[in-house]
Each structure stands twice: as C-alpha cells, then as structure tokens.
Amino acid sequence: MRLTLGLILAALVWVGPLHAPPAQAQDSLRQVDETGALVPRQGPGLIAPVASATADTVSLDYAAWERLAERAEKAAANRNVGSEALEAIRRQMVDWRSALLGEQNANAARIATLRAQIAALGPSPGEGVPEVEEIAQRRAVLTEQLVTLQAPGLAAEEAYRRADGLIAEIDRVLRERQADQLLKLWPAPINPANWPEALIGVTDTGVRIWEETAEKWADPKARIAFGDNVPFILLLLALAVGLLVYGRSWVQDLSSRLQDRASLRGRKILALFASLGEIAFPLVGIMCVLLALSLTEMQGEVGARLVDAAGDLALFVILAAWLAGQVFPRGVSAGPFGLPSERRAEARYNAVLMAALLGLDGLRFAAMDAQSYSEGTTSVASFPLLAVSGLLLFRMGQLLHRHLLRERREGDVTRYGMRLIGFLGQGAMLVAVVGPLLGAVGYIPAATALIYPAILSLGVVGLLLVLQELVSDIYGAITRTEGDPSEALVPVLANFALALLSLPAVALIWGARTSDLTELWTRFREGIALGDTRISPTNFLVFATVFALGYVLTRLFQGGLKNTILPRTSLDQGGQNAIVSGVGYLGIFLASVVAINAAGINLAGLAIVAGALSVGIGFGLQTVVSNFVSGIILLIERPVSEGDWIEVGTTQGIVKSISVRSTRIQTFDRSDVIVPNSDLISGRVTNWTHFNLTGRLIVPISVPLSADSRKVEALLREIAEAQPLAILQPPPMVALVGFGAETMNFEIRLILRDVNFQLQVRSEVNHQIAARFAAEGILPMPAQTLAEAAAQSAARTRKSAAKDATKS
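The notes below deal with the structure included here. No experiment lies behind these values; they were computed from the predicted model shown.

### Digging into the nonpolar core
Taken as a class, soluble globular proteins show a tendency for nonpolar side chains to be buried jointly. Among the nonpolar cores identified, the biggest contains 53 residues, and Phe 328, Phe 337, Leu 393, Met 396 and Tyr 452 are the most heavily contacted of them. Elements supplying a minimum of two residues to this core: helix 9 (264–275), helix 10 (277–295), helix 11 (301–327), helix 12 (341–371), helix 13 (375–410), helix 14 (416–441) and helix 15 (444–479). If one sorts the elements of this core by residue count, helix 15 sits on top with 13 residues. In contact with Tyr 452, other than residues within four places in its own chain, are Leu 357, Leu 358, Asp 361, Leu 385, Leu 386 and Ser 389. Core analysis: the second largest hydrophobic core is formed by 26 residues, Val 81, Ala 85, Met 93 and Ala 163 among them.

### Remarks on the sheet that holds strand 9 (residues 662–666)
Picture the strands of a sheet paired through backbone hydrogen bonds; they go either parallel or antiparallel. In spatial order, the strands read 10-9-8-7-11; together these five strands make up an open sheet with antiparallel pairing. At either end of the open sheet lies a strand with only one pairing partner, and these are strand 10 (672–676) and strand 11 (685–687). Between one strand axis and the next, the sheet turns by 40 degrees as a mean value, whatever way the strands run. Examined bridge by bridge, strand 7 (residues 645–648) and strand 8 (residues 651–658) share four bridges and lie antiparallel to one another. Directly across from Val 648, in strand 8, lies its bridge partner Thr 651.

### Concerning the pattern of salt bridges
For the structure shown, the criterion picks out 24 salt bridges. Residue Glu 519 pairs with Arg 97 through a salt bridge whose shortest N-O separation is 2.8 Å. One end of the pair, Glu 519, is in helix 17 (residues 514–526); the other, Arg 97, is in helix 4 (residues 83–103), and 422 residues separate them in sequence. A relative accessible area of 12% places Glu 519 in the buried class. The closest approach of N and O atoms between Arg 717 and Glu 713, which form a salt bridge, is 3.0 Å. Residue Arg 717 and its partner Glu 713 are both found in helix 23 (residues 709–721); the two are separated by four residues, about one turn of the helix. Taken together, the salt bridges that share partners define one network made up of Glu 87, Arg 90, Arg 97, Asp 164, Asp 171, Arg 175, Arg 513, Asp 516 and Glu 519.

### Let's talk about the packing of aromatic side chains
Tallied over the full model, the rule gives seven aromatic pairs. Summarising the aromatic geometry, the rings of Tyr 246 and Trp 250 are spaced 6.4 Å apart at their centres and angled 20 degrees between planes, so their arrangement reads as stacked. Of this pair, Tyr 246 and Trp 250 are both found in helix 8 (residues 220–260), four residues apart, which corresponds to roughly one turn of the helix. Trp 250 gets classed as partly exposed once you look at its relative accessible area, which sits at 43%. Three or more aromatic residues link up through ring pairs in this structure, and these residues are Tyr 246, Trp 250 and Phe 281.

### Quick word on a nonpolar patch on the surface
A contiguous nonpolar surface patch, about 510 Å² in accessible area, is contributed by Val 241, Leu 244, Val 245, Tyr 246 and Trp 250. For Val 245, the position within the fold is in helix 8.

### A word on the sheet that holds strand 13 (residues 733–739)
Reading across from one edge, 12-14-13 is the order of the three strands in this open sheet, with antiparallel pairing throughout. Across the chains shown, the open sheet's two edge strands, defined by having one partner strand only, are strand 12 (695–704) and strand 13. Looking at each pair of strands side by side, their axes are set apart by 25 degrees on average, direction ignored. In this structure, strand 13 lies alongside strand 14 (residues 743–752), joined through six bridges in antiparallel fashion. Within strand 14, the position partnered with Val 734 by the bridge is Ile 748.

### Quick look at the pairing of strand 12
Here is the key point about a regular strand: its side chains alternate between the two faces of the sheet. In terms of burial, strand 12 is a largely internal element, eight of the ten residues being buried. By the bridge criterion, ten bridges tie strand 12 to strand 14 in an arrangement that is antiparallel. What sits directly across from Pro 704, in strand 14, is Thr 743.

### Some remarks on the packing of helix 5 (residues 108–120) against helix 6 (residues 133–182)
Running from N to C, helix 5 and helix 6 cross one another at 155 degrees; their axes reach a closest spacing of 10 Å. Judged by the inter-axis angle, helix 5 sits roughly antiparallel to helix 6. You can see that helix 5 and helix 6 cross each other, and the crossing is left-handed. Residues Arg 110, Ile 111, Leu 114, Arg 115, Gln 117 and Ile 118 of helix 5 lie in contact with helix 6, whose contacting residues are Arg 138, Arg 139, Leu 142, Thr 143, Gln 145, Leu 146, Leu 149 and Gln 150.

### Concerning unusual backbone geometry
Non-glycine residue Glu 297 carries a positive phi angle of around 60 degrees. Mapped onto the elements of the fold, Glu 297 is located in the loop between helix 10 and helix 11.

### Structural notes on the packing of helix 3 (residues 62–77) against helix 6
At a closest axis distance of 10 Å, the pairing of helix 3 and helix 6 adopts a crossing angle of 25 degrees. By the angle class used here, helix 3 and helix 6 are roughly parallel. Considering the relative orientation of helix 3 and helix 6, their crossing is left-handed. Judged by residue contacts, Tyr 62, Trp 65, Glu 66, Ala 69, Glu 70, Ala 72, Glu 73 and Ala 76 of helix 3 engage Pro 152, Ala 155, Ala 156, Ala 159, Arg 162, Ala 163, Leu 166, Glu 169, Ile 170 and Val 173 from helix 6.

### Observations regarding the environment of Ser 536
Examined against the element boundaries, Ser 536 turns out to sit in the loop between strand 6 (533–535) and helix 18 (537–565). Judged by its relative accessible area of 13%, Ser 536 falls in the buried class. Sequence separation between Ser 536 and Glu 526 is ten residues, and the spatial gap between their C-alpha atoms is 5.5 Å. Those residues in contact with Ser 536 that lie beyond four places of it in its chain are Arg 525, Glu 526 and Gly 527.

### Topic: the pairing of strand 8
Hairpin connection between strand 7 and strand 8: a loop of two residues separates the two successive antiparallel strands, and Gly 649 in this loop has a positive phi of roughly 65 degrees. In terms of strand pairing, strand 8 meets strand 9 through four bridges, oriented antiparallel. Bridging from a neighbouring strand, Ser 657 pairs with Arg 664 of strand 9. Connecting strand 8 to the next strand, strand 9, in antiparallel fashion are three residues.

### Considerations on the environment of Glu 519
Expressed as a C-alpha distance, the spacing of Glu 519 and Ala 168, which sit 351 residues apart in the sequence, is 9.4 Å. In contact with Glu 519, other than residues within four places in its own chain, are Arg 90, Arg 97, Asp 164, Ile 167 and Asp 171.

Reading the values: rules and limits
- Residues numbered from 1 in each chain as written.
- Predicted model: local features only at pLDDT ≥ 70, side-chain atom pairs only at ≥ 80, totals over all residues.
- Heavy atoms only, no water.
- Core = buried A, V, L, I, M, F, W, Y, C linked by side-chain atoms within 4.5 Å.
- Buried < 20%, exposed > 50% of the residue type's maximum accessible area, 1.4 Å probe, protein only.
- Helix = DSSP H or I, 4+ residues; strand = E, 2+ residues; numbered from the N terminus.
- Contact = heavy atoms within 4.5 Å.
- Pairing = 2+ DSSP bridges.
- Axes fitted to C-alpha atoms, helices over the stretch in contact; angles between N-to-C directions.
- Salt bridge = Lys/Arg side-chain N within 4 Å of Asp/Glu carboxyl O.
- Phe/Tyr/Trp six-rings, centres within 6.5 Å; stacked < 30°, edge-to-face > 60°.
- Patch = residues over 30% accessible without salt bridge, like charges linked within 9 Å, V, L, I, M, F, W, Y side chains within 5 Å.
- Areas by Shrake-Rupley, 256 points an atom, 1.4 Å probe, with all protein chains shown as cover.
- Parallel < 35°, antiparallel > 145°, perpendicular 65-115°, else oblique.
- Left-handed = near helix turned anticlockwise from the far one by under 90°.

What follows is the structure, given as structure tokens:
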C-alpha cells in the first residue's frame, strides 16, 4: 500500500534502499534479451564450480559473464530498451563487479610466496651469461607456477574494468533519459484550448468512481460482505473519531505530567518525545478510517488508489503539523528562528498547506495514472497545485530570509547555520518563482521536479533542526552544562554528522537514483589509487587503529620512564627530559611504520609521487625542516636544557620546554617567548646555568673624589664577604675601575652560589652600602653622576660577560 511510502516521505528521512537487491533474489528467474524484454533466465548462475584438483575450489563462470556483458552492450546501444530493463541489467552487472573485485585477490598469499622464492634465487643473469642448470630449472618452474596463479586475477581485473565501464555507460543512458523526461514540453496549461479536455478528464474520473461503486453495490456478494463488516466498520470509525478528537488533549496531559517530574532541560526532552503522540494518535485514527473503507468492499481500481493516496495526504498533513509545531512553536518560545508569534503561526499554516498540496498531487497522480490521461489533461490538472505550492513556498522562503535580515539589522553575530538557512530561504523564493513559470509554458515535469522537492527539502531541514536541538538538550542534561550546550564540541560534531547523514535523503528527494548512491558508496569502499597503491577506507581504518595503539603504548612508556625509571638514575632533569622526548619521537615513527605495513600500503608505489612532491615541499618547508633538525641536535648535544637561564639576543629567561620545532622561554616578567630551534643552534646563546648555578655579580658604586679610596674599598669588601650566597674562594674583589668628572667608580665583583638570586643579592648589597656610607659620612653623588656611572659599569659588565662566554 502506498501508505508506507507516504510515511517514509512525510517523515522526510526517505533514503530508499541503500543497496540494490541481490541478483539471486530478484533476477534469478529473469534476464534481459537483446530487445530489452524480461525473459526467463537460462544458462549457469553467477558463480559455478570449476574442475580442479580441490573440490572446494570455485571460480567465476566467465562464459555466463561474457553473455551478460554482450547483452548489456547491446541494450545500452538500443534506444528501444526500457529504463526498467536497463536497471535490471545494471543490478546484475553490479553483482558481477563485486564478485570480480574479490576475485582479483585470488591466490594472493601463494603469489607472494612464489615471488619471494624467485627473489631468493637472485637476479636473472643477462643475455649470454650462463646459469647453474639446477637454479635455472628451479627458476623456470617457479615462474611457470607464478604465471598460472596470476591468470585468474588478471582475467578478473580485465572483466572488472569491462563491468565498471558498462555500468558507467548504463548510468549515462539513464541520466540522459531522465533529463529528456524533465525537459519534455507538454501543452501549456494556461492555454484555454486545453481546458475542455482537462475538464472532460476530471469528469470521467468522477464518473468512473461512481460506476465502480455502483458495480460493487450491484454485486450481492459485495453487499453481503459489507453487511457483515458493518459492526467492525462502525467500531473502527468510532475509534478513529475518538483518537482524532481527543488524542491531542491526551498528549498534552501526558506531557504536563512528565514535565512536572523532570528538570528544566529534561522537560524539553520529555516534551519532544511526548509530542510524538500528536503523530501516533491521529495516524492510528487515519489507519482505522482507511481500514473501515477497505472493509466496505465498495472500491474499484480507481477508488482503491484514491483511498491509498488519501491516506498519504492525511499522513503528510499530520507530520507537517507536528514538524511545524516543533520548528515554529506556540507560546512564548521563539524557536530557532526567533520569529514573532504571528509569523510563527503563519509559518505553521503554510507548512500544513504545502503538505496538503503535496498529498493532493498524489491524489491527482493516483486518479490519472489509473486511466492514462493525455499530457494536456495532466498539465492542466497539475498546474493549479504547482502554482499554489509556489506561492506558499515563496512565503516560507521570505520568513526564513527575514530572520537572517533581522539578525543583521540588530548587529548580532550570525551563526553559520543560520546563514545557511537564510540562503536556503532565498533559494526557496527563487524556485517558487521559476517553477510556476516553467509549468505555465508547459514544462510540467521540470516544474514538478523543482517545487515539490524544494518543499520536502525544507522539511528535511526542519527535521534536522529538531534532531540537533534534541542532541544538544540530551548532552546538556547528561553533562549538566551551564549555558547553551549547543556550543560544546560534542553536540557540534554530532550535529555535523546528522547533516552529513541527511545528504542521501536530500539527493533522493531531488531525483537521484538509488543506484547513483550505491555507486558512490562502492567507489568510496574501493578507495583511491596513488600510483600502484590503492588506499581504501578499510586500509585507513586499520592504519588509524594500529597507529592509535602504538601512540598510546608510546605515551605509557614515556610516563613510566619519566615517573619511575629516570628519577632513580644520576641524570639531571634536562637529560631526563631529552630521553623522554626522544623516546616519544621514536615511538611515533615506529607506530607509523608498523601501521603502514599492517594496512598493506605499498610505499614503493608512492615513491614517484613522493619524489615529485619532495622538491616543492623542500622549498616550502625548509625552515620547518631546519627547526626540526635543530631540535634533534638540541636533544642530543643538550647545549640548552629545560630549567636553564639563557640569553638569546635581547631575550633572557628560563627554558620551559624544548620541542622539535621551537623552544619556549619564560622571561622574568612571566611572559612566554617562542624561539625557533635554528636560532639556538646558529645564533649566539648565553647559558648562565648550563653546568652549575654559580655566577658572577658585579655591583657598580660611585663615590666623591674627596672620599678615602682605601676606606671605601675596605667597607665594600666587608659588605661583599658578608653575603651568605657569596663564595669565598675565590674571594670577592673590590676594584677602583676609573674616575668620573667628580667621582671615583668602584665595582664589587663576587661569585654567587646560585646566580638565580643575583637580583636579591644586588638589592641587599646596595642597602648595606647606603647604610654604611651614611654612618661613615660618605656623601652620595648627584643623580646625573650616578646615572653616568651606572651606564659605564653596565657597559663594562656586558664586555666582561662576552669575554666569559667566548672562553666557555
């Protein structure tokens, strides 16, 4: 019954059969002859045993394949062969192609063994060069066996190419026929000359329904059956009335009871599931009505078709009303589009009307297809439905596009999905204008192929929005996420997957054949060829699984080294980090190699492609490669380790991490500086704490010329030797390094046990100098003189540090 088809269409998840029925189930008793007629199948089946030494060995029946291929070639070239016959041939060809693809790997293990045996014999000697007779005989035997075992695979590959080409040719013929049918020009429905014929056709339909009903009533058996079924008919009608009248209130009561016991987010989920009763109760009521009509035994051929189409019409309306209520809700909720209440009510009304028109077109098709009316009659009868559908579609597109315009006027950040909805509204408006215009001039098939699929596509988008909101609400209820859960990563990925899964449904709605989708799936499973290597989704899955396993094992081993083994050795922290990083890189490399071998990817076949790309990659990534090599050198030589205080150019700080591309330095003002590894290898780097933490501190001091230089020197030496972090061997040194215009310039030079505390030591030394000078009556210098002395001392400090770095 067409009610099932209507259910699938109205639910807007009609994806059709994803795989063609097997030839054994559908074509085992039929085949196509040269004229395109379906005739009883003769000859052997698809696969037949072949005489061989092993009873279990089977092979393809290439004689049967040859006969089918010849029939397919003749049918594709014969324009008189119907599309149904071509589809039947194509299904058989697809079955053969799958079998031939599997046959290409026949004897693969044995062939690999023979090649290894031949390779073990060494290369074949050149022409005129003798070879040991025993080895030559063995090589000849193995080569003969190899050729014999390769024959089935080569034959299967040749037949596979032929089958693939024939399938592509049949697809091309079917697409051309479909395009010709869509572009066929019928009599213009706006031409008044075609109206009388259409009126007569509609009248004939009514007359035929009346005659069929009268004929059934005149049949005593039919009347007796009707009388016997009257109690059941009345019961079904009463049940239908109850479900249709009270079903909505029952659903609302159930929804309110469930929501009283749930959380705020759980209420939305329960409300959605409870609203499915708005579909179930009316649907059961409609089925009761249809069953009651069938029990009357009063329908003829046309009447039965109309009853089925009426069921589809009711189903379309029920599902459209539910979907419109979810996308354009009643009450205070503005829904996903944020439309005001009056616009949402208008959108719900338009959605129900479009579904009703879609069902009415099904009624028209059911009535006229049974009587095979002319194209002029069908054109005139179809155009009013197309025109009204176009008007409603245009208005719906306006509502969708208005939402996008409102967001732009308010200055809100427009989400990508909402922009797509706005563009979809513009597309709907365009189709709503072009479709009726094409229908008015006589292109009824093209208009039908534009308007009704556009309506169904809007339904798919609406259903997709409902499912995406459901996924977000479920995620929010599980994780108790604050704010909008739809912005989290998991709902975004799930919604993206839902959008991808809806693409086959949209393709089928817009006229794609099921065989087109199965062909795309077949191509996807076969993978892509790179040179002599073919990479399929199965190979990729194996590669990803093995690599992920190797990666996890590498990280676990790194964790064991870092936390358990290396801390018990005498290596410093920098050496431990270098070993852990090196093990990580080695483990990832080994995991990649093992995964490639496990997936069966032949890298030798990619050598030419890799060689062609290496030149461009070498020029484009030479900086990245240089940094990578420099990172390896840093890990091996370890001139810089994590925790070292280094100076690179004008940057000073502590090394926090060393990766294969760059090194992260945290400066003393707590900012992170990313330095490319090549700068650390090729540039000048000062490492203050490479081998130990000791380092020299220089503190400049300026005193008046009138001060006693020996006394100042003694005071400064006492202060320096009193510092806890100062090393006494060698002892701190105080030097009179020069004179200013009115000053004597001294420097305290002392070695600290931990150079990381030089700032604290410098501050303490200066405090003590200030206190001792004040007590001894040594006058301070003017600010300008002190600044000059500090600048001179800083210059001397830089020169001294440069000399020390050169010596080290």
